[in-house]
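# Summary of the model geometry
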Amino acid sequence: DDFRIIIVKLADRLHNMRTLRFMKPEKQVKISRETLDIFAPLAHRMGIWQFKSELEDTAFMYLYPQEYKRLSRRLRTHQKKFQDTLDKSQVLLKERLIADPTLREQAESVEVSGRMKEM
């Protein structure tokens, strides 16, 4: 019944993942698999997106190191393009929302925010 216990367990696992580099490779893989299968989905269900993202990214790095490096490189290469697209989309969405007469009546101003996907 007390969700605080789950939050403490998630915080503990996040700390463990951040210090995983000091453990043996077999332990890194075991803990990462458990994190990806149990703890990341739990953080997702609780709506703790920052925990979920970091748990997934760190586990992926230890479970699939080659794929992680390749994907990281590709994301860094395209990061500027992705950010530009996000910025343009935010401006376009805000303009459309402000232009809508129904929304304009209901709110003084519209704030649109966005973020890039984690990795």
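Up top you'll find the structure we're talking about.
## A closer look at a nonpolar patch on the surface
- A cluster of nonpolar side chains, Leu71, Leu75 and Phe82, forms an exposed patch at the surface whose accessible area comes to about 210 Å².
- Within the secondary structure, phenylalanine 82 sits in helix α4 (residues 65-99).
- Of the residues examined, phenylalanine 82 reaches a relative accessible area of 34% and is grouped as partly exposed.

## A word on the environment of leucine 42
- Mapping leucine 42 onto the fold places it in helix α2 (residues 25-46).
- Separated by 43 residues in sequence, leucine 42 and threonine 85 have C-alpha atoms that sit 31 Å apart.
- For leucine 42, the residues in contact, after removing those within four places along its chain, are Ile6 and Leu10.

## Overview of α4
- Here α4 spans 47 Å end to end across 35 residues, near enough to the 51 Å set by a 1.5 Å rise per residue.
- At histidine 78, α4 is deflected by roughly 55 degrees, the largest bend along its length.
- For α4, every residue scored as buried is listed here: Tyr68, Ser72, Leu86 and Gln90.
- Its buried side turned inward, α4 meets α3 (49-63).

## Some thoughts on the packing of aromatic side chains
- By the definition in use, this model includes two aromatic pairs.
- With a centroid separation of 5.4 Å and an interplanar angle of 45 degrees, the aromatic rings of phenylalanine 60 and tyrosine 64 are classed as tilted.
- Judged by centre distance (6.2 Å) and plane angle (55 degrees), the rings of phenylalanine 60 and tyrosine 68 are tilted.
- Relative accessible area serves as the criterion here: at 17%, tyrosine 68 is assigned to the buried category.
- Taken together, the ring pairs in this structure connect Phe60, Tyr64 and Tyr68 into an aromatic cluster.

About the thresholds
- Residues numbered from 1 in each chain as written.
- Predicted model: local features only at pLDDT ≥ 70, side-chain atom pairs only at ≥ 80, totals over all residues.
- Heavy atoms only, no water.
- Patch = residues over 30% accessible without salt bridge, like charges linked within 9 Å, V, L, I, M, F, W, Y side chains within 5 Å.
- Areas by Shrake-Rupley, 256 points an atom, 1.4 Å probe, with all protein chains shown as cover.
- Salt bridge = Lys/Arg side-chain N within 4 Å of Asp/Glu carboxyl O.
- Helix = DSSP H or I, 4+ residues; strand = E, 2+ residues; numbered from the N terminus.
- Buried < 20%, exposed > 50% of the residue type's maximum accessible area, 1.4 Å probe, protein only.
- Contact = heavy atoms within 4.5 Å.
- Expected span 1.5 Å × (residues − 1).
- Bend = angle between axes of the 7 residues up to and from the residue.
- Phe/Tyr/Trp six-rings, centres within 6.5 Å; stacked < 30°, edge-to-face > 60°.

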